[in-house]
Amino acid sequence: MKAELVMSDTNRVNAITFLQLASSGKVKEAYSNFVGDGFRHHNPFFEGSAESLQAGMEENAKQNPNKVFTILRTISEGNFVVTHSHVKQNPEHRGAVVVHIFRFENGKIVELWDLGQPIPESSPNQNGIF
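Calculation rules
Residues numbered from 1 in each chain as written. Predicted model: local features only at pLDDT ≥ 70, side-chain atom pairs only at ≥ 80, totals over all residues. Heavy atoms only, no water. Helix = DSSP H or I, 4+ residues; strand = E, 2+ residues; numbered from the N terminus. Buried < 20%, exposed > 50% of the residue type's maximum accessible area, 1.4 Å probe, protein only. Contact = heavy atoms within 4.5 Å. Pairing = 2+ DSSP bridges. Axes fitted to C-alpha atoms, helices over the stretch in contact; angles between N-to-C directions.

Colleague: Sorry if this is basic, but what is going on with the side chain of His 41 here?
Modeller: Counting through the fold element by element, His 41 comes out in strand β1 (residues 35–41). When its relative accessible area of 6% is taken as the criterion, His 41 is described as buried. Sequence-distant contacts of His 41, defined by excluding residues within four places in its chain, comprise Phe 46, Glu 47, Gly 48, Ser 49, Ser 52, Leu 53 and Leu 112.

Colleague: Sorry, what's going on with the pairing of strand β4 (residues 96–105) here?
Modeller: A regular strand carries its side chains on alternate faces of the sheet. As paired elements, strand β3 (residues 80–88) and β4 share eight bridges and run antiparallel to each other. What sits directly across from Val 82, in β4, is Ile 101. Alignment of β4 against strand β5 (residues 108–118), held across ten bridges, turns out to be antiparallel. Its bridge partner being in β5, Arg 103 is matched across the sheet by Glu 111.

Colleague: Can you help me understand the sheet that holds strand β2 (residues 68–77) in this one?
Modeller: The strands making up a sheet are joined through hydrogen bonds of the backbone, oriented either antiparallel or parallel. One open sheet accounts for five strands, arranged β1-β5-β4-β3-β2; its pairing is mixed. Whereas interior strands pair on both sides, the edge strands pair on one side only; in this sheet they are β1 and β2. Put simply, the sheet's adjacent strands are angled 25° from each other on average, direction ignored. The pairing of β1 with β5 spans three bridges and is parallel. When the sheet's bridge partners are listed, Arg 40 is paired in β5 with Glu 111. Running at roughly 115° to β1, helix α2 (residues 27–34) makes contact with β1 and β5 of the sheet.

In short, geometric facts, not functional conclusions.
Below, the structure written as structure tokens:
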């Protein structure tokens, strides 16, 4: 059980580091250090390979060099890590709430899901989006 907790924490740190690198424009470094063989993702806007998502992330980084990416929460259990983040394409942008779900094998990301919701200008929810 203790080894599983250590690996779970390592996976959490690896997921956070991957997102920080990728969102700051260091996409190639993020992929080379943290993505494992056979990686697949479930983003509906890209073909399911690592190469297609990496290319999309690189293009986004070029278009949005001042992106602000703030991880607010993480949940780690076994081979899975979930992050809950606030992403702004530039500092003036309202942004979106993004959830990433990572599946790890041997400390490397082998599967990724990402879900996003734009932050509305106003909301009747008194608790806020975060």
